[in-house]
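# Residue-level structure breakdown
If you want the building blocks of each chain, they are given just below.
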Amino acid sequence: MAAEAHAPTASEYIVHHLQHLQNIPQTAIVDFSVVNIDSVVISLVVGFLGLFVLWLAARKATSGVPGRFQAAVEMLVEMVDSHAKANIRNANSRKFIAPMALTVFVWIFLLNAMDLLPVDFLPVIWEKIYVAAGGDPHHAYLRVVPTADLSTTLGLAISVLLLSFYYSIKIKGAGGWWHELVSAPFGTSKNPLFAVILGLVNMAMQIIEYVAKAVSHGMRLFGNMYAGELVFLLIALMGGAAAMSLPGVLLPLGHVIAGTLWAIFHILVITLQAFIFMMLALIYLGQAHEAH
């Protein structure tokens, strides 16, 4: 009994916090039958919260002197709209892409901001609910930062990639897009044999480019948020070490100082990562409107 009731080690604590609440146990690195339920639910809840905030701003907007909340939202909208105009020359396309970019920025910012919550706050609440329902507390997994989940960030990146395909076909036509696939970046030839060879090489290069864009788009956001989550877990362990050992009397002070400094710095990180993801989405969609 004593062995079962022991406090988790540092490695066990981190491993537990990095486990997802899933529909079935994951048995392979790539398994599309596995759903990270925590990432899906938290993304939806936070997404609806972001939509509510924007709806509230639109509902309370006045033509007179704006309040602080309205002024902040107006500044955000103008910032996104200016970047959309700089990258998307087609006014009709901007009617969808600009609001989408605003939604992406707000959504990812709020998802990233979940990292600012105390690392054990929501997991402990979920553990109590899970145990009350008859579950094993050792299997009460919950990760609260969806953007630290690769399936979430790659899903967002693939959505941007699919949108770029859509606008490429819409603007250039299916024939024009196909011609671009087989003629860029090395051009073509009047010689039929060389034209086929160059077409295959060009298409291979285009496929590599599209895959690299999507993977780097998602991995950049995932890597930064995953690293931030790990740092918060390590800082939390400082407090745990202080509580468990007399020589660690100075650790509470270090725990508070390190946590505060990292949280302040992380505010910049979560904002910057949301902005970068939005900007890359606008750039990729802008490239889809251009002929090569």
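In what follows, the structure referred to is the one given above.
Everything in this summary refers to the structure shown in the same document.

About the thresholds
- Residues numbered from 1 in each chain as written.
- Predicted model: local features only at pLDDT ≥ 70, side-chain atom pairs only at ≥ 80, totals over all residues.
- Heavy atoms only, no water.
- Axes fitted to C-alpha atoms, helices over the stretch in contact; angles between N-to-C directions.
- Helix = DSSP H or I, 4+ residues; strand = E, 2+ residues; numbered from the N terminus.
- Parallel < 35°, antiparallel > 145°, perpendicular 65-115°, else oblique.
- Left-handed = near helix turned anticlockwise from the far one by under 90°.
- Contact = heavy atoms within 4.5 Å.
- Nonpolar A, V, L, I, M, F, W, Y, C, P; charged D, E, K, R; others polar.
- 1 Å grid on protein atoms, 1.4 Å probe; cavity = no way out; pocket = protein on both sides within 12 Å on 5 of 7 lines; lining within 4 Å.
- Points joined across faces, edges and corners; volume = space filled by probe spheres on them.
- Phe/Tyr/Trp six-rings, centres within 6.5 Å; stacked < 30°, edge-to-face > 60°.
- Buried < 20%, exposed > 50% of the residue type's maximum accessible area, 1.4 Å probe, protein only.
- Core = buried A, V, L, I, M, F, W, Y, C linked by side-chain atoms within 4.5 Å.

## With respect to the packing of helix α2 (residues 37–59) against helix α4 (residues 91–113)
Each pair of packed helices can be described by the angle between their axes along with the distance between the axes. Interaxial distance between α2 and α4 falls to 9 Å at its minimum, and their mutual angle equals 125°. Classified by the angle their axes make, α2 and α4 are oblique. Our pair here, α2 against α4, has a crossing hand that is right-handed. Across the interface between the two elements, I42, S43, V46, G47, G50 and L54 of α2 pack against L102, V106, W107, L110 and L111 of α4. The residue makeup of the contact of α2 with α4, split by class, is eight nonpolar, three polar and no charged.

## Digging into empty space enclosed by the protein
One pass over the full model with this rule turns up two cavities of 30 Å³ or more. Roughly 100 Å³ of internal volume is contained in the largest cavity. When grouped by side-chain class, the residues that make up the lining of the largest cavity number eight nonpolar, one polar and three charged. By volume, the second largest cavity is sized at about 40 Å³. Surrounding the second largest cavity, H217, R220, L221, Q273, I276, F277 and L280 form its lining. Across the lining of the second largest cavity, the residue classes break down as four nonpolar, two polar and one charged.

## Considering the packing of aromatic side chains
By the definition in use, this model includes nine aromatic pairs. Note on W126 and Y130: the rings are 5.7 Å apart at their centroids and 50° apart in plane angle, and the pair reads as tilted. Highlighted residues: W126 and Y130, both in helix α5 (residues 121–132), separated by four residues, approximately one helical turn. With relative accessibility at 23%, the residue W126 sits in the partly exposed group. Ring centres 5.0 Å apart and planes at 80° place the aromatic pair F165 and Y210 in the edge-to-face group.

## Some details on the nonpolar core
Of all hydrophobic cores here, the largest spans 40 residues; its most connected members are I97, I108, F277, M278 and L282. Top element by residues in this core is helix α8 (residues 251–288). It accounts for eleven residues. With sequence-adjacent residues up to four places away left out, I108 is seen in contact with T147, L156, L221, A274 and F277.

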